[in-house]
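These are the residues of each chain, in order.
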Amino acid sequence: MSFHDKVIYQVYPKSFYDSSGNGIGDLRGIIEKVPYIASLGVDMVWLNPFFVSPQNDNGYDIANYYEVDPEMGTMADAEELIAALGREGIGVMFDMVLNHVSTEHEWFQRALAGEKEYQDFFYLRPAQADGSLPTNWESKFGGPCWSQFGNTDLYYMHLYDVTQADLNWHNPRVREELFKVVNFWKDKGVRGFRFDVLNVIGKAEELRDATPGENDKLIYTDTERVHPWVQELHRATFGDTEGTVTVGEMSSTTIDSSVHYTNPANEELDMVFSFHHLKVDYDGAEKWSAVPFDFMALKGLLTDWAVGIQAGGGWQASFWNNHDQPRAINRFGDVERYHAESATMLAAAVHLTRGTPYIYQGEEIGMVDPVYSSMANYVDVESHNAFDILRARGVSEDEAFRIVTKKSRDNSRTPMQWDASEFAGFSQVKPWLMPTSQTEINVEREEAEGVILPFYRELVRLRHEMPLIAEGSYEPFAREHESVYGFVREHEGQRLLVLCNFYGEDAAVHLPAEFAAGSVLLCNYKNEPALDAATDAGTLTLRPYEAVAVLAG
Ligand code: GLC
């Protein structure tokens, strides 16, 4: 499959490079940095939305799908960016937000003005008989998911921010309009599509309350309506075009649903993003908590998903970071004592597994969460809502702030750190979000003397060159080990063992004879382990955060 040997680089346009001097990243800034992107060897660049938007949810609240937000550039810039990447053999993946639009979008505005035709674009419902909201579901950003529709008796649904109105996919006109958007960009040469929260498009027409104790999300997530609509999207847009790459962002999904979305026989999507492995540092189901991660849970999820998706003939996106997640190195690594080791170990776990790897900007130089001192430093709407909700629940101000520092989406949205200067070489003026670690961590320094960037380049090269890595099967290894995550890849008689130590202490692993007699393909320490030394005792001792990949002899 054309996407198995690809590596995708995610650029958050608002924070990549500010060429215009307004403190906000822009498309021309990305064009200037194309040589850097090309130097990574990646195949495609996923760009977060840069369409016209009031930016209440950083561009995921789209007011016009067909125009570039003036703060970030023009249509000519978008076309030039597509061409500039294309000249380097790099495709572009655009972010298609098809579950909702900004309440400033013309459709919502016309609905508000009373046009029935556009009212049918949304989920508008009256209150229930007892006066309560149409359903008791929560918005994912906190509070109820219904707000009053203008000055009518109706409410509109917003599963996200109050300014993001959910679109009614039951209406064929809505689907037609959304498919037009995808085709518009496809006609401009866009070959990758990331579909935002695609598995929540299938709300029923007859809505119902969650019963006490029932998870409201499960009522509207991955419903049976979603698959036919995704198949329709496939047929109406990218399905007939060679070389497209598609990925659906799937919130709270299951292995079975993910197989259904990605088994090629179903003609839906190439791969999915799922997030269970990034919830292992939640206290129960509560994201807004600060507890250490549960390694056995993480390992169990990585293993079960890899095995389950493979068994069903599906495919996954393999990733730790994106614009919604705190930096993985802060969550699962040790940024103080083993910065480079933990950055590279995490990279090996993602890039050597079965699935298409994604690199989120800055990850390849080991960027970490910022160190901020007050809520005023944060921009993200979800973080501010969460802080208020925690405070309202009686959590102290210090504790609520500490939780935000661990979980805020702004952790990954800080500007790309190009050099050690005051604004990290991102902008000439104060950026919209401040960098705090650029004196230690930046591209210039990493190019000159770092080990993380070269390691990423090596991982990209290996996936391109070795069908074993791109296509090989996945089999769990040392499942019960309490500090090492391992797996074996196999392809046409070749076998590769990958071992990742997730802790700052040495970890002994029993090495099967075929690998003790093998050779080291890759290691994140300068001195590779001596395998034959392991043969006698039968054990290989991994150093802190060591990652090693061994080809069977
Ligand atoms: C996705 C995006 C996130 C956005 C949300 C609503 O989860 O990744 O940034 O807030 O959808 O569009």
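Treat the numbers as computed from the prediction; the structure is a model and nothing was measured.

A look at unusual backbone geometry
And step 1. In the Ramachandran plot, Gln55 falls in the positive-phi region, its phi being about 65° despite a non-glycine side chain.
And step 2. Within the secondary structure, Gln55 is located in the loop between strand S3 (51-52) and strand S4 (64-68).
And step 3. Residue class for Gln55 comes out buried when judged on its relative accessible area of 14%.
And step 4. The backbone of Ser252 shows a phi angle near 45°, a positive value even though the residue is not glycine.
And step 5. Relative to the helices and strands, Ser252 resides in the loop between strand S12 (245-249) and helix H9 (255-262).

Quick word on the sheet that holds strand S18 (residues 494-501)
And step 1. Taken together, five strands build an open sheet; the order of strands is S16-S17-S18-S22-S20 and the sheet is antiparallel. Looking at which strands have only one partner, the edges of the open sheet turn out to be strand S16 (473-477) and strand S20 (519-523). The mean angle between the axes of side-by-side strands here comes to 25°, regardless of whether they run parallel or antiparallel.
And step 2. Here S18 pairs with strand S22 (residues 547-551) via five bridges, running antiparallel. If you follow Leu497 over to S22, its bridge partner there is Val550.
And step 3. Strands in contact with helix H10 (residues 295-311) are S16 and strand S17 (484-491); relative to S16, the strand with the most contacts, it is inclined by about 150°.
And step 4. In the packing of helix H12 (residues 339-351) onto the sheet, the strands contacted are S17, S18 and S22, and the crossing angle to S18 comes to about 145°.

A word on the side chain of Arg413
And step 1. As for its placement among the helices and strands, Arg413 is situated in helix H15 (residues 410-413).
And step 2. Taking relative accessible area as the criterion, Arg413 reaches 1% and is therefore assigned buried.
And step 3. A polar contact of 2.7 Å, which involves the side chain of Arg413, links it to the backbone oxygen of His323.
And step 4. Excluding residues that lie within four positions of it along the chain, Arg413 makes contacts with Tyr12, Ser15, Asn58, His323, Asp324, Tyr360, Asp380, Trp432 and Leu433.

Let's talk about the site of the ligand
And step 1. Around the ligand, the surrounding shell holds 14 residues, and the nearest of these are Asp57, His100, Asp196, His323 and Asp324.
And step 2. In this structure, an oxygen atom belonging to the ligand sits 2.9 Å away from a side-chain N or O atom of Arg409.
And step 3. For the ligand, whose free accessible area comes to 310 Å², the fraction covered by protein is 96%.
And step 4. Residues belonging to the shell around the ligand are distributed by class as follows: four nonpolar, three polar and seven charged.

A closer look at helix H14 (residues 397-407)
And step 1. Among the residues making up H14, those that are buried are Ala400, Phe401, Ile403, Val404 and Lys407. Down the axis of H14, the sector holding all buried residues measures 160°, keeping them to one side.
And step 2. Looking at the buried positions of H14, the neighbouring elements they touch are helix H13 (381-392) and H15.

Considerations on the pairing of S22
And step 1. Buried residues dominate S22, accounting for five of its five residues.
And step 2. The two faces of S22 match: Ala547, Ala549 and Leu551 on one face and Val548 and Val550 on the other face are all buried.
And step 3. As defined by bridge partners, S20 adjoins S22 across four bridges and the pair is classed as antiparallel. Within S22, the position partnered with Ser519 by the bridge is Leu551.

Considerations on the packing of H12 against helix H17 (residues 452-465)
And step 1. Two numbers describe how H12 lies on H17: the axes approach to 10 Å, and their chain directions differ by 15°. Considered as vectors, H12 and H17 are oriented roughly parallel to each other. Regarding H12 and H17, the two cross each other, and that crossing is right-handed. Residue-level inspection shows His339, Ala340, Ala343, Thr344, Ala347, Ala348 and His351 of H12 in contact with H17, the latter providing Ile452, Phe455, Tyr456, Leu459 and Arg463.
And step 2. Grouping the amino acids of the contact of H12 with H17 by side-chain chemistry returns eight nonpolar, three polar and one charged.

Points about the confidence of the model for the chain
And step 1. Scored by pLDDT, the chain has a mean of 97; 99% of the residues are at 70 or more.
And step 2. Looking at the elements of the chain, mean pLDDT is at its lowest for helix H20 (residues 531-537), recorded as 67, and at its highest for strand S15 (residues 356-360), recorded as 99.

What counts and what doesn't
Residues numbered from 1 in each chain as written. Predicted model: local features only at pLDDT ≥ 70, side-chain atom pairs only at ≥ 80, totals over all residues. Heavy atoms only, no water. Helix = DSSP H or I, 4+ residues; strand = E, 2+ residues; numbered from the N terminus. Buried < 20%, exposed > 50% of the residue type's maximum accessible area, 1.4 Å probe, protein only. Pairing = 2+ DSSP bridges. Axes fitted to C-alpha atoms, helices over the stretch in contact; angles between N-to-C directions. Contact = heavy atoms within 4.5 Å. Polar contact = N/O pair within 3.5 Å; in protein donor to acceptor, adjacent residues only side chain to side chain. Near = heavy atom within 4 Å. Areas by Shrake-Rupley, 256 points an atom, 1.4 Å probe, with all protein chains shown as cover. Nonpolar A, V, L, I, M, F, W, Y, C, P; charged D, E, K, R; others polar. Arc of directions from axis to C-beta. Parallel < 35°, antiparallel > 145°, perpendicular 65-115°, else oblique. Left-handed = near helix turned anticlockwise from the far one by under 90°. pLDDT = per-residue confidence, 0-100.

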